[in-house]
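What follows is each chain in one-letter form.
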Amino acid sequence: MNQLSPPNPTVKHCAMDTREVVNLLADIAGQVESILGEKGAVSVFRYAGAQLGKRLGEAHPNGTEDDARELIAKFFHDKEFMDAVGLQGHEATLSGCKIGLVLQERGITAGKHALCNFGFGLIDGTVKAVTGKKIITLHVESEYHAEGITCKETW
């Protein structure tokens with residue numbers, strides 16, 4: 001009989017890497033878009049992100065925008081969706097965005113896709129749960145370069 005060793009707690013073990021998860025989500029977004037149209041898919045994914053953000057921020061009520069930003073940056077970094085998240089004022093700079101890279105591979109411009117709106121909803125939901133303040137995150141620009149992609153958002 002074979003015995004499995006317990007996983008090393010310092011090494012992540014996952015059936016799918018981040019890029020595979022993002023590709024799967026992009027496929028799902030495409031199916032939702034084929035049923036509900038582009039605006040419907042954006043709405044569904046933005047709502048899903050806001051709900052996740054609400055859950056993420058529920059444990060930190062009566063906090064500040066900086067508290068919410070820290071939660072958001074930690075979530076994106078821990079889940080390996082971004083290499084780095086810079087937050088200053090009412091602007092976020094997302095470096096090495098895996099969502100943007102997968103979209104680029106598919107010939108889709110980052111910023112308006114349903115998956116991008118999932119991220120925007122997550123920001124909105126987290127800020128609302130932590131501060132009680134309603135915001136609407138919008139895409140400013142995406143810049144593709146040798147190291148990947150950098151996206152800028154504002155609210």
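Residues numbered from 1 in each chain as written. Predicted model: local features only at pLDDT ≥ 70, side-chain atom pairs only at ≥ 80, totals over all residues. Heavy atoms only, no water.

Let's talk about the sheet that holds strand 4 (residues 148-154)
We apply this condition: Note on pairing: DSSP must find at least two bridges between two strands before they are called paired. Here a strand is any run of E in DSSP of at least two residues, a helix any run of H or I of at least four, and the numbering for each starts at the N terminus. Axis definition: a line fit to C-alpha positions, over the contact stretch in the case of helices; interaxial angles, taken between N-to-C directions, run 0 to 180 degrees.
On the basis of which strands lie adjacent, the open sheet formed by four strands has the order 1-2-4-3 and antiparallel pairing. Taken across any chain shown, the strands that pair with only one partner, and hence form the sheet edges, are strand 1 (84-88) and strand 3 (138-145). Looking at each pair of strands side by side, their axes are set apart by 15 degrees on average, direction ignored. With five bridges connecting them, strand 2 (residues 91-95) and strand 4 associate as antiparallel partners. Paired with Ser-95 across the strands is Thr-150, a residue of strand 4.

Overview of a nonpolar patch on the surface
Heads up, the rule is: Residues form patches when they are more than 30% accessible in relative terms and have no salt bridge. Like charges link within 9 Å. Nonpolar side chains (Val, Leu, Ile, Met, Phe, Trp, Tyr) link within 5 Å. The method behind every accessible area is Shrake-Rupley, applied with a 1.4 Å probe, and residues are considered shielded solely by the protein chains displayed. When a carboxyl oxygen of Asp or Glu lies within 4 Å of a side-chain nitrogen of Lys or Arg, that pair is called a salt bridge.
Together, Met-16, Leu-24 and Ile-28 give the surface a local cluster of nonpolar side chains, amounting to about 230 Å² of exposed area. Take Met-16: it is sitting in the segment before helix 1 (18-57).

Topic: the pairing of strand 1
Relative to strand 2, strand 1 runs antiparallel, the two being bridged by five bridges. For Val-85, the partnering residue across the bridge sits in strand 2 and is Leu-94.

With respect to the confidence of the model for the protein
Cut-off, in case you're wondering: Looking at any residue, its pLDDT shows the predictor's confidence there, from 0 to 100. Residue contacts are counted whenever heavy atoms from the two residues lie within 4.5 Å of one another.
Averaged over all residues, the pLDDT of the protein is 89; the fraction at 70 or higher stands at 91%. The model gives residues 1-6 a pLDDT under 50, and that stretch makes zero contacts with residues more than four places away or in other chains.

Here we look at the nonpolar core
We count it as follows: As used here, the term nonpolar core means buried Ala, Val, Leu, Ile, Met, Phe, Trp, Tyr and Cys residues forming a set that is joined through side-chain atoms within 4.5 Å. To sort residues, take the accessible area from a 1.4 Å probe on protein chains only and compare it with the maximum for the residue type: under 20% means buried, over 50% means exposed, and anything in between is partly exposed.
Core analysis: the biggest nonpolar cluster contains 33 residues, and Phe-76, Ile-99 and Ile-123 have the highest contact counts within it. For this core, the secondary structure elements donating two or more residues are helix 1, helix 2 (65-78), strand 2, helix 3 (98-105), helix 4 (114-131) and strand 4. Of all the elements, helix 4 adds the most residues to this core, at eight residues.

Points about the side chain of Arg-46
Filter applied, for reference: In protein, a polar contact means a hydrogen-donor-capable atom and an acceptor-capable atom, both N or O and within 3.5 Å, with residues adjacent in sequence counting only if both atoms are side-chain atoms; elsewhere, any N or O pair within 3.5 Å suffices.
Along the chain, Arg-46 turns up in helix 1. In this structure the side chain of Arg-46 is engaged in a polar contact, spanning 2.7 Å, whose partner is the backbone oxygen of Thr-137. Non-local contacts of Arg-46, meaning those with residues more than four positions away in its chain, are made with Asn-117, Phe-118, Phe-120, Gly-121, Asp-124, Ile-136 and Thr-137.

Structural notes on the pairing of strand 3
Bridge count between strand 3 and strand 4: seven bridges; the pairing is antiparallel. Note that in strand 4 the partner of Leu-138 across the bridge is Thr-154. In this antiparallel pair of consecutive strands, strand 3 and strand 4, the connection spans two residues.

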